[in-house]
There are 4 protein chains.
Amino acid sequence: TRQTEETKGNRELHVKTTLRELIIYLVFLVILCVVTFGMTSTTMYYYTKVMNDLFLDTVHSGGGTFRTITNVNDFWKFAKKPLLNGLYWETWYNNENVPNEQLGYIYYENKLLGVPRIRQLKVSTNSCQVHDDFKDVIRECFDSYSENLEDKTSEVTHANYTGWTYQTESQLDGSSYWGMLTTYSGSGYVQDLTGRKNTSAEIINYLFDNLWIQRGTRVVFIDFTVYNANINLFCVVRLVVEFPATGGAIPSYTFRTVKLIRYVTVTDYFILACEFIFVLFIVYYIVEEAIEIKKHKLSYLKSMWNILDIVVIIIAILCIVFDIYRTIVVDNKLKELLDNPDKYADFENLSYWQTRFDNAIAIAVFFAWIKIFKYISFNKTMTQLSSTLGKCAKDLAGFAVMFFIIFLAFTQLGYLLFGTQVKDFSNFQNSFFTLFRIILGDFDFHQLEAANRILGPIYFMLFVFFVFFVLINMFLAIINDTYSEVKGDMANQKNEFEMTDYFKRGYMK
Amino acid sequence: TRQTEETKGNRELHVKTTLRELIIYLVFLVILCVVTFGMTSTTMYYYTKVMNDLFLDTVHSGGGTFRTITNVNDFWKFAKKPLLNGLYWETWYNNENVPNEQLGYIYYENKLLGVPRIRQLKVSTNSCQVHDDFKDVIRECFDSYSENLEDKTSEVTHANYTGWTYQTESQLDGSSYWGMLTTYSGSGYVQDLTGRKNTSAEIINYLFDNLWIQRGTRVVFIDFTVYNANINLFCVVRLVVEFPATGGAIPSYTFRTVKLIRYVTVTDYFILACEFIFVLFIVYYIVEEAIEIKKHKLSYLKSMWNILDIVVIIIAILCIVFDIYRTIVVDNKLKELLDNPDKYADFENLSYWQTRFDNAIAIAVFFAWIKIFKYISFNKTMTQLSSTLGKCAKDLAGFAVMFFIIFLAFTQLGYLLFGTQVKDFSNFQNSFFTLFRIILGDFDFHQLEAANRILGPIYFMLFVFFVFFVLINMFLAIINDTYSEVKGDMANQKNEFEMTDYFKRGYMK
Amino acid sequence: TRQTEETKGNRELHVKTTLRELIIYLVFLVILCVVTFGMTSTTMYYYTKVMNDLFLDTVHSGGGTFRTITNVNDFWKFAKKPLLNGLYWETWYNNENVPNEQLGYIYYENKLLGVPRIRQLKVSTNSCQVHDDFKDVIRECFDSYSENLEDKTSEVTHANYTGWTYQTESQLDGSSYWGMLTTYSGSGYVQDLTGRKNTSAEIINYLFDNLWIQRGTRVVFIDFTVYNANINLFCVVRLVVEFPATGGAIPSYTFRTVKLIRYVTVTDYFILACEFIFVLFIVYYIVEEAIEIKKHKLSYLKSMWNILDIVVIIIAILCIVFDIYRTIVVDNKLKELLDNPDKYADFENLSYWQTRFDNAIAIAVFFAWIKIFKYISFNKTMTQLSSTLGKCAKDLAGFAVMFFIIFLAFTQLGYLLFGTQVKDFSNFQNSFFTLFRIILGDFDFHQLEAANRILGPIYFMLFVFFVFFVLINMFLAIINDTYSEVKGDMANQKNEFEMTDYFKRGYMK
Amino acid sequence: TRQTEETKGNRELHVKTTLRELIIYLVFLVILCVVTFGMTSTTMYYYTKVMNDLFLDTVHSGGGTFRTITNVNDFWKFAKKPLLNGLYWETWYNNENVPNEQLGYIYYENKLLGVPRIRQLKVSTNSCQVHDDFKDVIRECFDSYSENLEDKTSEVTHANYTGWTYQTESQLDGSSYWGMLTTYSGSGYVQDLTGRKNTSAEIINYLFDNLWIQRGTRVVFIDFTVYNANINLFCVVRLVVEFPATGGAIPSYTFRTVKLIRYVTVTDYFILACEFIFVLFIVYYIVEEAIEIKKHKLSYLKSMWNILDIVVIIIAILCIVFDIYRTIVVDNKLKELLDNPDKYADFENLSYWQTRFDNAIAIAVFFAWIKIFKYISFNKTMTQLSSTLGKCAKDLAGFAVMFFIIFLAFTQLGYLLFGTQVKDFSNFQNSFFTLFRIILGDFDFHQLEAANRILGPIYFMLFVFFVFFVLINMFLAIINDTYSEVKGDMANQKNEFEMTDYFKRGYMK
Ligand SMILES: [Ca+2]
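Residues numbered from 1 in each chain as written. Chains lettered and ligands numbered in written order. Predicted model: local features only at pLDDT ≥ 70, side-chain atom pairs only at ≥ 80, totals over all residues. Heavy atoms only, no water.

Student: Provide a residue-level description of the overall build of chain A, including the pertinent values.
Tutor: Assigned secondary structure in chain A consists of 16 helices and nine strands. In terms of overall size, chain A is more extended than a compact globule, its C-alpha atoms giving a radius of gyration of 30 Å where 509 residues would be expected to give roughly 23 Å. If you line up chain A on its principal axes, its C-alpha atoms span 90 × 65 × 50 Å. Buried residues in chain A amount to 58% of all 509 residues. When contacts within chain A are restricted to residue pairs at least 6 apart in sequence, those whose partners lie at least 24 apart make up 66%. (Helix = DSSP H or I, 4+ residues; strand = E, 2+ residues; numbered from the N terminus. Rg over C-alpha atoms; globule rule 2.2 N^0.38 Å. Buried < 20%, exposed > 50% of the residue type's maximum accessible area, 1.4 Å probe, protein only. Contact = heavy atoms within 4.5 Å.)

Student: For the relation of the copies chain C and chain D, give the residues involved together with the corresponding values.
Tutor: For the pair chain C and chain D, the best superposition has an RMSD of 0.0 Å and corresponds to a rotation of 90° with a translation of 0.0 Å parallel to the axis. In symmetry terms, the pair is related by a four-fold rotation axis. Distance from the rotation axis, computed per C-alpha, reaches its smallest value in chain C at Gly-441 of chain C: 4.2 Å. Comparing contact sets, just 4% of the residues at the interface of chain C also lie at the interface in chain D, consistent with a heterologous contact between different surfaces. (Least-squares fit on C-alpha atoms with pLDDT ≥ 70 in both.)

Student: Kindly report on the environment of Leu-233 of chain C, identifying the contributing residues and their values.
Tutor: Residues and elements named next belong to chain C. Note on placement: Leu-233 falls in strand S8 (residues 233-242). Residues Leu-233 and Val-34 lie 199 residues apart in sequence; the distance between their C-alpha atoms is 19 Å. Dropping the residues within four chain positions of it, Leu-233 is found in contact with Met-44, Tyr-47, Val-226, Tyr-227, Asn-228, Thr-257, Val-258 and Lys-259.

Student: Any chance you could break down the interface of chain C and chain D for me, citing the residues and the numbers?
Tutor: Taken together, the contacts link 82 residues of chain C with 78 residues of chain D. At the boundary of chain C with chain D, total buried surface from both sides reaches about 7300 Å², with 69% on carbon and sulfur atoms. Linking chain C with chain D are one salt bridge. Across the contact surface, chain C and chain D share 18 residue pairs in polar contact (both at pLDDT 80 or more). When contributions to the side of chain C that touches chain D are tallied by element, the ones reaching two or more residues are helix H4 (72-87), helix H6 (197-209), helix H12 (393-418), helix H14 (445-451) and helix H15 (455-492) of chain C. (Buried area = accessible area lost by both parts, 1.4 Å probe. Salt bridge = Lys/Arg side-chain N within 4 Å of Asp/Glu carboxyl O. Polar contact = N/O pair within 3.5 Å; in protein donor to acceptor, adjacent residues only side chain to side chain.)

Shown next as structure tokens:
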């Protein structure tokens, strides 16, 4: 965007330069889109869905599924049937046995890498204080999970099973996990399953019979990774059941479908080519921006577009680095894994960073799209709209302050009034999002009414009246009024040389 | 807010004073928020949910749950399985017996305080008049519940059971309850269960076999309280099944999760410290307001802000008083209870007032937030918005009258037309809320259509046309128009000294 | 409203007269509301609901309910279990037998009046034409139902059962019924059940075994009436299963909860008193309007308010007449019925007219509410709003024409494109309502997409763009613009003497 | 529309001519509507629904239905029970056998034409590349379906069954099909069932026992056609189960209810008469437009109305041609079919074109409705609205560009961020539609939050803020502002002679 600056004086030259820049930019954008869409595919959703259906929606002997687990019993029912049946497919649908070399495939298609792992975290007994009145009656007490309350004692009676031995985060090469209730460390009591159904079932039954899950247990993880060679995708599965200090159980899960091996088919190599061009573009833009920074010094940061440029470039560089790193790591991991098929395959961390990487690149593309406006904004109608936004910015800011004070006051009120009863108000963020959704017309009035038959409706109607009717309409009034003004100003202004004029002239010649 | 008044003349001094007041006020607000958020926690919702899941969503032998009870049969099915299994956890999940000292815990974590209580209210036979035509055929008749129609006769044949003996409200130390259909008194026929499963099951079976619930029975309450020492929370549970005069049954429930014991952990004592500061603040504000009242006499009440101050102070005082009262009562109750573990633990009343107290303090915080506007309103953009509201107030009031006449006319029409068929129109309030929700786009057209295939759609479309299209748009027109006006006025006005100027000057010095 | 006219000259007198009239009118309105609300009660909804739950939501042996009937088999499953169990309650919940004098009560509370009746309508064989190509293969053909295609042949082989004998509408004293597919006559093949469970079960089994429902059967009705003496309400139940010519079955139902016996309790007699006052008011208004008509002749009809008066009066007279008629008929019917308890109790017709009567009175009350505007409209802010409506009426009418042509074009397009697949577009009215609901944000995009993956989304987006964005916003623009205009006009106008001035003066004296 | 052009000078004559043209046009429109509505009927929806209920919602032995199929096992469970029971109705509901001549009717009413056909498509083994690391472990690999990867090998071991023999598209006279995942060719492995239940069950069991569906199987089709003589409608059913390369199964279906035989009843012949009149009209309009084209040459295409005329005429001609073609083909097909009742009845293609034809005519009618505006637009209020649209077109276009860049940027961002987790964002189109639906208030916030707890809410709120609040309100501002302008202009303009004047004059004479 160097040249643009220098041509402010000569309108026609300015248009011409901008046009050239725009075309280069569009080529860059196309390359970027090709690279991004090359990384993803619609198959990924179906893969996630198939795994979801299999592990989350298969009915266990109590009539529920993983999603409906509400206590330890349900968890064991899930572990004994849907989990084992989902992991091990040892007969065809007509009950013939699957030949040995085809064992170890979920749905006969998805190779189970290594063995699945079950891990739990406990808090130690009497990790919390009991009130004096109750001290004689309640002798044991287990606090909510927090890393420093972790139980680290190991039992030695279960010789053949590792499930009663505490291992630290570094021993397990684990990482912490953000659950529904809190963040859990990567350490804990680990029990790996095996590659066959009957031996795995034995392990699960042993854990069940010996009360592996105890009062102090706060979370259980089930981890495994599958690889589908047909479509060259990994799915890293983590099923989590949290056991809060209230009793009961809260299930959650992550299914990360990632493309850890990038270059296999012909299309993949075409993407690789695009990626090289992309790197060249990035180098070109780095140089350009460097020149600009040198020239304008601090005032460089005053333009929103320049900051956008910097952000996009930084994200791009990070992604390129990660891409190389990933290729190396995956290769090593796979080689090691295929040599020891009975080891747990830990792709948790890698898949986590891979999704972060995907997100980063998605955001970069978003910014790249937005930057189109830089080139388009000297068309007259466009200017009208953007200068409307610019002009009412101050009013909108004032409005926003007012809006947010009221909105936050309502958020807090909602949380305090209904927080113990209604999920949508059970914490501050939820309360905030819920009120936001009410503005858009997505709400459940009946649960508010059920939580408090008098304050519920009053709260709801006050909120809707003040925020939906008064404030939103005022928002509209601000924009409406400013638009009229801007349009009036524009009408008086003399017409500048525009891009459309440029095209018209070219056409007439 | 004393000083503010006196400085109207000197603009700069005024700004300075206001700023000082604002800072003091913000400190107060922070303390208030700390105190409020210290009383609550996101764990409370999970506690309610865990109890909900256990008692409301566990399936009974007929395939339904507590929520789906529609007749006496369903009630007994619920009482025999999900209720008893939910209350008494006497084996671990692998069917080993729980040791004796760990009995009496729901989910092995939540101590059942005292014993659960079952209570019913009946109306006496022939509490209503039968029409002459039917007198020969219909010999018995039981009216809808009302306190003066209560059946107070006791049967003596069931020697070992209290369930057939009427006890008054004062004997039971009870209080009245607002159910789905009407308000019930605190008296009735009471049967306490025991602390063990098999004896409780015997009691329930005896009640079942001897037709404890009769034609005259109008409501059955199941009451108990649990205490979780891990998170120091009580959950006061009341399950209600109403038997209307129409036959059938209507279930409802309250789960009040409350923190009756306040000061146990270190954090709790930090909150206590904040509460002391809070009390000091309240004293300070009381003095200040007293001075102002003395000075301005009646004109004091003319300012909206002053009234807000008074309201906040009164709520604060009430809360402080209740806080002290609660601490004493809970302590006594618990001591008594731990001495007689076979008595019913009546926390119903206490938890009721505790939630009232929580609500009161929540509303006080809301008002405290709103008061920020007092200090913020002399920024120009703010004034623009608030004076828009002020200026269109008269028009909006006129509009509101018009709106409400039409709205009420529609409410009544909806109630009369669809009230016998559609739940959302089954009484005047519901009808009102339903129409309000239609404006926001949350409605069920099909049930209106099902209730009346011709009038349903016509009613719906007329309402939407008049209220949604015409009136709401007129509302918008009023605000829009007034905003333009106010903005025009402001533009002509000379700029007053503003808070931003104050900061700018400070910066330049 | 006589006096109002004559006082146009003297503003003050005019206000005074209007005020007096307003007060009289408000008294009338209060009486009217008392009468109306006296007729209804919130218990009615619960009664309907209890009956609904019992007959529509009880599960049959195939796992479905009445609502989910999709073929003849399901119908018989429903008839054999939920129907019989719902109608006959011959044991208490603990399986003891109910004493004889308490038999015949649904839920032990609701007297089954007379016996239930099952009725079917058939079309005759070869009621339709088979195309030449198929004539050799398809020998029998049964058209969709229409009264003139009815099968009227009776079979004589089933001596003890009336179910195979055709009876005409006058023999049965029946009336036609508007079903989901078409309107059915009141004639048909009728089989009454009995008052006891086992004999009724025998009848149903006999019908089942002898294929009572045949290929020609187009509809089956199950009719009965219950009376609850506790709350003095009738519930007239009709369960309908239509068997369309396509095969399969479509269930529907009506539960009419009506108060056929009006005066039993003390409150009822208070209502009666109000009804007398109401009659007096009506006489007063009739006289007044008669005078006005005589005076103004045809120009009387030019005022919207006068027409409203006429409508309200006519409805009132009709209701009074019906009220008297109903009281007589019900009395006769009940006497006859209690003498012959084994006869079918036909309240179908009476309850139909009773609900019509309730609706009529509801609409009258609505109009009465609206008339308040007549008295209120000379307040200034009110005038502003109503004259805005008046002024933009012409523009809105033009807009409405445009709107409806586009709307109908879309309605038709939707019906033709998606009618065979999507319920919401399955006929013209549904299509119309569905589009209307889309404007309000209540729609199911996925079913449109499923019906046609290309045209569905395009249709939806075109509709939303043109109707929701362009037209609705234009509507808003019209109102907004006119409001500004009117407000401008008003500001210039000199203030007239208003009602508020009147009060102010009264206050100052 | 010839004459209109020539009368621009004389306003009165112009109105008169237009009026005459309008009347002729309305006659045309009525005829067109009669023809269109004659082709369809509300019965069609019920027919589709009955078939839907029977095949999609009947529960199989695993507790699921066709809709809930998620793997090969479920498919076989469906095929063994709901499919066979749905196709063959060989006993009455009381278990008596249906007489032989009435066999072969679904629901005893719908003749199954020919025999049902099951067809599958496979991909060949090792149709994809396995990454080097895995080559030793994963020996077989089956790519996603694509026509050139099809497995075309036939097995000879199953002598009596055609299900293992590959047949090409031309051998099968098939056509390609657009499934949920991709487009499938018309070739494959075909197995026809028979006309009786037991023999068909044998075939299905044989296929099941011999693992007919293998790892390479990518899709299975079940095809059959039923004809209901009562209502003269065909229903062409195709049930599809796709087996993606991820494992698992995705069910889909088409039920095409079509009226292939047009002229049977008296009403049909009335429609035929209308169709003749319609043809005459089309001829008339063709001539007229031809004259116009000759006169105006290229400038003819400048008028939007002329293009509309051309489009309607072309569609009409296509429909007429197809109508004739269809009549001939159906007749031949039926004759052939009734001679060989054991052959598969292939109506797939015909019904496909029939629905295309129905859609085409529906769109033609839509355009015909829109054309009314041509005649109506010289009424003043109308002009106001349409010139508002015209005037703000340029601004709206500029706005639209801006809107779509932002909208597409959000679409892409949504797809990349949530595509692997959330169905609504699983591909670009879905993502686009989902964002569109968010604007209308139809969204599922919780699934966004579940997919990404941080980016989900941020993305949602940014989108709503920028697109819903800012852009939509700007849209409104544009229309609002332009309307005020246009109305101002109009007020100054002198009144032209209008259609209403014409009527007024006629009335005065
Ligand atoms: Ca909505």
